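Structure assessment
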Amino acid sequence: MQEPPLGTVCEAMSGGTRALPIGMFCGRMSLPEIQMPPGPGGAYRGPVISYQWRGDFASAEVEALQADGFGRAPADHDWKAQVERHSLGWVCARSGAELAGFVNVAWDGGVHAFILDTVVARPLRRHGVGTRLVKVAAREARADGCEWLHVDFEDHLGPFYFGCCGFQPTNAGLIRLDDPA
Ligand SMILES: CC(C)(COP(=O)(O)OP(=O)(O)OC[C@H]1O[C@@H](n2cnc3c(N)ncnc32)[C@H](O)[C@@H]1OP(=O)(O)O)[C@@H](O)C(=O)NCCC(=O)NCCS
């Protein structure tokens, strides 16, 4: 299927083993509806998730997702100031008014962008929301002139980043700067 044009994306969340049949855009732009083949019985399940590049959010709702996703206590972190000052952009996924997922796209000011802080709300995981977040981030970074999108992650997330999000394995390095050793 052809990749849809840029903008706010709304689509039904995948349910079970098949993708749900309707993907469409909403928001300020008037964009065509994308029809996909109906699934067995034509039944549509799951909430509609919207994905918005540089979408509005409250720092507390991102912090709540991050704290839960990365197993730490919530802190008083100003995510809005951080990403507005330092990032190329970010993607907010919403299920209705609720923040369903978030990804931060850091930037070197040139052609390199970096995926950070990818997180999906626990009850909505394993339905394709994380994959869609990263794909929207990649598309928008490309549209903004970036040539490379980087990510690093723990081994167990290989099936997600390599298998679903389109990243290729490469050599990379990391120094833990807050390690006194
Ligand atoms: C990682 C994360 C963002 C994935 O979001 P998601 O919406 O569940 O991902 P998707 O539904 O798009 O996953 C697509 C595929 O990726 C793989 N995958 C997703 N999460 C995985 C996990 N935790 N472990 C191993 N493989 C995983 C699976 O192959 C999955 O397909 P399947 O559900 O048919 O098996 C989510 O689990 C999360 O928020 N985790 C906590 C925070 C975190 O670790 N973030 C990553 C920082 S690098």
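A brief structural summary. The residue numbers shown here count from 1 along each chain, following its written sequence. Predicted model: local features are reported for residues with pLDDT of at least 70 only, side-chain atom pairs are reported and counted for 80 or more only, and whole-chain, interface and lining totals are derived from all residues.

Comments concerning the overall build of the protein
The helix count covers DSSP runs of H or I at least four residues long, the strand count covers runs of E at least two residues long, and both are numbered beginning at the N terminus. Looking only at helices and strands, the protein has 4 helices and 8 strands in total. When the helices and strands of the protein are placed in sequence order, the string is β-β-β-β-α-α-β-β-β-α-β-α. Among the 181 residues that make up the protein, the fraction classed as buried is 25%. Think of it this way: build a C-beta for each residue from its backbone, and any pair within 7 Å is a contact. Residue pairs in contact within the protein that sit at least 24 positions apart in sequence constitute 53% of those at least 6 positions apart. Three exposure classes are used, all based on how many other C-beta atoms lie within 10 Å of a residue's own C-beta (placed from the backbone): buried at 20 or more, exposed at 12 or fewer, and partly exposed between those limits.

Quick word on the pairing of strand β4 (residues 48-53)
Residue alternation in β4 divides its side chains into a buried set, Ile49, Tyr51 and Trp53, and an unburied set, Val48, Ser50 and Gln52. Strands qualify as paired when DSSP identifies two bridges or more between them. Inspection of the sheet shows β4 paired to strand β5 (residues 87-95) by 5 bridges, in the antiparallel sense. Looking across to β5, one finds that Ser50 is bridged to Arg94.

As for the site of the ligand
Defining nearness, a residue is near a molecule or strand when the C-beta atom obtained from its backbone falls within 6 Å of it. For the ligand, the set of nearby residues contains 19 residues, the closest of which are Gly69, Arg125, Gly130, Thr131 and Phe160. Looking at the shell around the ligand, the elements with two or more residues in it are β7 (112-120), α3 (129-143) and α4 (158-164). If one sorts the elements of the shell around the ligand by residue count, α4 sits on top with 4 residues. In this count, Pro and Cys sit with the nonpolar residues alongside Ala, Val, Leu, Ile, Met, Phe, Trp and Tyr, while Asp, Glu, Lys and Arg are called charged and the others, Gly among them, polar. Here the residues of the shell around the ligand are counted per class, giving 9 nonpolar, 8 polar and 2 charged.

Re the nonpolar core
The term nonpolar core refers to a set of buried Ala, Val, Leu, Ile, Met, Phe, Trp, Tyr and Cys residues connected through C-beta atoms within 7 Å. Counting 31 residues, the largest nonpolar core has Val91, Ala93, Phe102, Val103, Val105, Leu133 and Ala137 as the members making the most contacts within it. Secondary-structure elements contributing two or more residues to this core are β4, α1 (59-69), α2 (79-86), β5, β6 (98-107), β7 and α3. Broken down by element, the residue count for this core peaks at 7 residues, all from α3. Filtering out sequence-adjacent residues up to four positions away, Val105 remains in contact with Ser87, Leu88, Gly89, Trp90, Ala113, Ile115, Ala137 and Ala141.

Quick notes on the pairing of β6
When you tally the buried positions in β6, you get 7 out of 10 residues, the bulk of the element. Alignment of β5 against β6, held across 8 bridges, turns out to be antiparallel. Bridging from a neighbouring strand, Ser95 pairs with Glu98 of β6. Between β5 and β6, which pair antiparallel in sequence order, lie 2 residues; one of them, Gly96, sits at a positive phi of approximately 65°. Following β6, the chain reverses through 4 residues before pairing antiparallel with β7; Gly109 in that reversal takes a positive phi of roughly 85°.

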